[in-house]
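Understanding the architecture of this molecule
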Amino acid sequence: MLQRRPIAQAIALLFSGFAVMPVSAQQSDDKTTSNTNQNATQRVEVTGSRIKRVDAETASAVQVISKEEIIRSGAVTLTDVLRTIPAGNAGGYNTEGPPTQAFGAAGISLRGLGVGSTLVLVNGRRTAPYGFGTASFVDTNSIPVDAIERIETLLDGASAIYGADAIAGVINIILRKDYQGKEVYGSLGTSGYRDAKSRSAGISWGQGNLAQDGYNWMINYGHHEQDPVLANARPRTKDADFRRFNMTDSRSSFYRNVYQTGGYYGGSFIAPLAGCIPVNDPATPALNGRCVLDNTKNVNVVSASTNDAVYATANLALGSDWQLFSDASFSRVKYAANTYSYGTSAYAAYTYDLVDVKGEFGNAPGSPIAYLVLPVGHPQNPLMDKPVAVRYNFDDIQNRIHSANDNSRLTLGIRGNLGEWDTEIGVMVAKAKGAIRYRGYIQDAVLTGEVLDKNGYVNKSFILGDAAANDAALMARLYPAMRNVSDTSTALIDVKASRELWQLPGGRVGVSVGGEFRQEKFSSVPDDLFSSGAIQLFSITGSVGQRNVAAMYGEIVAPVLKELELNAAARVDRYNDFGAATTPKLGIKWKVLPQWAVRSTFAHGFRAPTLPEMNSGTIAGYMKVQDPKFCPTLSSDNPQCDRYVQYEIGQNPNLKAEKSKSYTLGTVIEPTTGWSLALDYYAIQRRDEVSQISAKYLLDHESAYPNLVIRHAGTNVIDKLLLLTSNLAQTEVRGIDLDARGEVNMADYGKLRLNASLNKVLSYKSAENSSVDKVDYAGYYTVPKNRARFGLGWEQGNMNMGFSWNYVAGYSLKATPESNCTYQEKNPSYCQIKPWLTTDAYLTYRYQKNLNLSLTVQNLANKEAPFDASMIAYLQGFNAAFHNQLGRFVQISAKYSF
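Just so it is clear, the model here is predicted, and its values are computed rather than measured.

Right, let's get into the sheet that holds strand β2 (residues 118–122). Taking strand neighbours across the sheet as the criterion, the four strands line up as β1-β3-β4-β2 in an open arrangement whose pairing is mixed. Since the sheet does not close on itself, it has two edges, and those belong to β1 (62–66) and β2, each with one partner. Neighbour-to-neighbour, the strand axes of this sheet turn through a mean angle of 15°, independent of strand direction. Pairing of strand β3 (residues 148–154) with strand β4 (residues 169–175), which is carried by six bridges, proceeds in the antiparallel orientation. Residue pairing for β4: Leu154 is matched across the bridge by Val170.

This is how it looks when you write it as C-alpha cells:
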C-alpha cells in the first residue's frame, strides 16, 4: 500500500463527505486466505495481476466489498449485492420485470457493455455460464452469498490476464476459507406492505488451522425462500385502469364478451358470457357492461423463489511449502412467476389460425378475424337464430413460467514453491443445468382441430371460461406443459507461476507466466412444441456447440524507481472454432508523494463470439414498433405507431470477434492512516459488436434489407422482422469512478466509518454500424449519468449501526436526442424518469460472546420506484434495471456461534 504519514486533520476531514465500498485492493484471490492478521511483509495476489506483491495498490482500479458490508446491507443473494455497484449499468439481467428468455437468472453489466463483456470469476477461476439466450454470462443467483468472503471488482479491461470476455472488467468472488468453529443463522423479512415475506437459514462448520494443524476444512449450507408480489399489490398498479395517470385504460375487453359477427373485430356488443362481473362505471362507456381482463392480478413485480446452496473447501499441508487445495459447491435456484395470456386478436393477427373460412362475416375467405364464433345452438350463445362473436382471452389455464437452475463446481489443485517460483496447478469442472417450464400457451393445432370445427366455429361441446367443464385431456393438449432444458459446462486445467528476478532501483522485478486449457460445452434444447412451430406465438430453436480454448500469458512488474512502477502483460487465446487473438496491457504507477500516487493503464481486448451466438437457431417473440411507412409522425391515435409485431432472431456463422481498446488515468490519495480517495477516468472503445439489428434501424433502412422485413401481402402491414446477429455496432464509453473511505477513532465514543463510491458516465456513444455517426445515449433511456452509494457507520463495543444511501440519477424516457417522447403533448412530465435516492439502515448487537442479532431496513422511507410510463404496457410502471417496487423491507437476523 502507499505510505501514510499524519497530516492536518482538516485535510482528512476534506474527504469525510465521500462515503460504501473500500477503494484499495485488499489481499485477494484464490491464493490468499481470509486471515486478517497477516504480517506487513507477506506478499499477496491482487485481482488483475498474477504477481504476488507487498504493495496491493496496483496501476488498475479495484473496488472491494467485504463480507461485513454484505451482512450490513441485508442482501440475501449475490445479485442483490452486485446491483448496487455504481459501475454496473444498462445491459444486465435481473429476475424481476417482465419474464424473459433468461427468467430466473441474473448477470451484471459493467460500463453498460453487456453481461457478455463482464467476466465473473469464483476464486480467480471461471465457472459454467447460464444456458439460455445468446449472451454467455454467469448466473449470479447461483453463487451462495453466505459463502462469500469478499467481492473484488476490477474496473479496467483485463483480457491480457483473464481472457476474452473481460472487456468491461472482472468481478472476482472470493469464497470463505480457513473458518474454524460452528455457527447457525437465520433471518425473517417482510415488506412494509406485509407481503414479500422471506425466510433464510444456514449453518457453517469449519475445523483446523493450516499453519498449525496442517489442514483446514469448512462446509456451509444455506437456504432462502422469497414470497411473490403481484402487480395489484402495489398502489401504482392496483389495477390496469391507468386513466388516473392521464393514460389509457389498459383493461382489455378481449376477455369474455359476446358481439354480433362481422368484420375483423365483430359488430355490436350483445352481452358478456356468464360467470364474470361486468364493469359498471359511467366514466367508461366503451367498457361499461362488458367484462374486462385486468392482468395486474396475473403479473409479478417480485417472483417467488427458493435457493439452496452447499459450499465446502479443504486444504492439506504437504510439507516443504506445498499444499493441496480444493473447493466444491452446489446450488439449486428456483423461480416462479405469472405472465400474460393472449387474446383472440393476437392469434388472429399473428398466426392466421382463426379464419373466416367461407367469408361469411364480411371478410375475404381465409382472412383473419379477431374473435371466436359460437354457432347457433352452442350453450353459451345468447341468440337463438345466428352465430355470435366472442372476443376471448385464453386464460382458462393461467400463463405461468417456472425456472430451476442447478449449478455445481469442483476445484482441485496443488500449490507451492518450485525453486524460486510460486507455482500452482489447478483443475476445475463446473456445470450449469437449467430448465424453464411454461404453461398457458395455446397449441395451435388443438385449437383449430379440436376446439373449433371445420368451419372455424367453437364446438358445441366446448365451454369457454370454465376449464373444469371440458375434458381434462383436451385441456392438457390445448394448454400443454412445456419444458426447455439447457446444459453447459466448463472444464479447465491451468498452470501459473511467479517469481522475483533482478534488482532495480525501486525493488525486484516480478514476473508471472501461465497457461490454460479449457473445454466449453453448450446445449440449449427447447420443447418440441416450441421448436416445431406448434406454438406460433412463441417459437424457439435450440443450440448445441462445443469448443476448446488454449491460452498462454505473461506479465512483468518493474519497479524502475522507488516511486515509479511499470507493468506489462500479454495473452494469446486460441479457439479451435474461431481462431487466435493476442491482447496486450500496459500500466504505470507513480508515487508523486508518499501519500499520493498517479496511475494509468492501456489495454487491447477482444471477445470471441459465444457458442450460442455461433450455433443457435432462431428465437421468435413480439415487440412494439413504429412502422415509418404507415406512421411517419408519432400519433397515439394511429395503431401503426405502437404495434406488436413478431420478430425472429437468427444466427450468423460468419461472426467476427469484438475488439476493444481501453484507457484509464487515475490518482490515489491517502492523506493519513485510515483515509483514502481514488479518482479514475476511463475510456473504452469497442467495435464489431455482436448484436441483433435493431428494429428501428431495420425499419429506417428497409430498402437496404428488403428480405428482413416481411409484410402482409394484402394489407402491407408488418408481419415479422428478421433481426440477424451481426458485427455492425460500435460503442465508446467514457466516465469517472470515485471511491473514498475513512475511519475516525473517537476513543471512548467508538469508531466512525465513512465511505462512498460514485460512477459518472461522461458519454455513452453508440452506432448501429460504422457508416453512421455515433449517438450519445448518456442521460437517455436506461443510461443514467450518475450512480452512487454512500455510507456512514458507527461502532462501539458490541454495537454496530449505520446508514447507507443508494442513488440512481434520472434519465430521459427518449432513447436518443433525436427521438420523440410519446407523452410530450399530454403528459410531458413522463418524458423524464426521476432520480431515485433510497436509504438503508442496519443495527447489529453482539450479546455476550456467541450471539449476534441484527436488524436491517432497506428503503427506509418506503419510496416507490420512479414512474416509467413506457413500462405501463407491461403493467409494471417502473424499470427493474435500476429500481424496484418492493418498498420498505425489514429483516431481522440472528447468528449463534458454538
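Its volume calculated, the largest cavity comes out at about 370 Å³. Lining of the largest cavity is provided by 26 residues; of these, Arg126, Pro129, Ser136, Asp165 and Glu520 occupy positions nearest its centre. Of all elements in the fold, only β2, β18 (482–504), β19 (507–525) and α10 (611–615) reach the threshold of two or more residues within the lining of the largest cavity. If one sorts the elements of the lining of the largest cavity by residue count, β19 sits on top with four residues. Within the lining of the largest cavity, the residues separate by chemical class into twelve nonpolar, seven polar and seven charged.

Attention now moves to the packing of aromatic side chains. Counted under the stated rule, the structure contains 25 aromatic pairs. Seen from their ring centres, Tyr264 and Tyr265 are 4.7 Å apart, and the 85° between their planes marks the pair as edge-to-face. In textbook terms, an aromatic cluster arises when at least three aromatic residues are bridged by ring pairs, as seen for Phe242, Phe245, Tyr823, Tyr830 and Phe867. One Lys or Arg, Arg415, reaches over the ring of Phe325 and ends 4.0 Å from the middle of that ring.

Right, let's get into the confidence of the model for the chain. Here the chain averages 86 in pLDDT, while 91% of its residues score no lower than 70. By mean pLDDT, the top-scoring element of the chain is helix α8 (residues 472–478) (96), and the lowest-scoring one is helix α1 (residues 9–14) (30). Low pLDDT, under 50, characterises residues 1–41; the predicted model gives this stretch 146 contacts beyond four residues in sequence or across chains.

The buried fraction of strand β15 (residues 388–392) is high, at five of five residues. Side chains Val388, Val390 and Tyr392 of β15 all project onto a buried face; the interleaved residues Ala389 and Arg391 project onto the opposite face, where all are buried too. Where strand β9 (residues 256–260) meets β15, five bridges bridge the pair, whose relative direction is antiparallel. Along β15, the bridge assignment pairs Arg256 with Tyr392.

Definitions and limits used
Within each chain, residues carry numbers counting from 1 in the order of the written sequence. Predicted model: local features are reported for residues with pLDDT of at least 70 only, side-chain atom pairs are reported and counted for 80 or more only, and whole-chain, interface and lining totals are derived from all residues. Only heavy atoms go into the side-chain values, all of them from the structure, while hydrogens and water stay out. What makes two strands pair is DSSP finding at least two bridges between them. Only DSSP runs of H or I reaching four residues or more are called helices, and only runs of E reaching two or more are called strands; each is numbered from the N terminus. A fitted line through C-alpha atoms serves as each axis, taken over the contacting stretch for helices, and the angle formed by two N-to-C directions is quoted from 0 to 180°. A pocket here means an open set of points on a 1 Å grid, computed over the protein atoms alone, that has protein on both sides within 12 Å along at least five of seven lines. A cavity is instead a set of points where a 1.4 Å probe fits but cannot get out; residues with an atom within 4 Å of a point line either one. Grid points are joined across faces, edges and corners, and a volume is the space filled by probe spheres set on the points. The classification used treats Ala, Val, Leu, Ile, Met, Phe, Trp, Tyr, Cys and Pro as nonpolar, Asp, Glu, Lys and Arg as charged, and all other residues, Gly among them, as polar. Each pair of aromatic rings taken from Phe, Tyr and Trp, with Trp reduced to its six-membered ring, is defined by centres within 6.5 Å and is described as stacked if the planes are under 30 degrees apart, edge-to-face if over 60, and tilted in the remaining cases. For a lysine, the NZ atom is tested; for an arginine, the CZ atom; a charge sits over a ring if that atom is within 6 Å of the ring centre and within 35 degrees of the ring normal. What pLDDT conveys is the predictor's confidence in a given residue, as a value from 0 to 100. Here, residues are in contact when the closest pair of their heavy atoms is within 4.5 Å. For each residue, the accessible area found with a 1.4 Å probe, counting protein chains only, is set against the maximum for its type, and the residue is called buried under 20%, exposed over 50%, and partly exposed in between.

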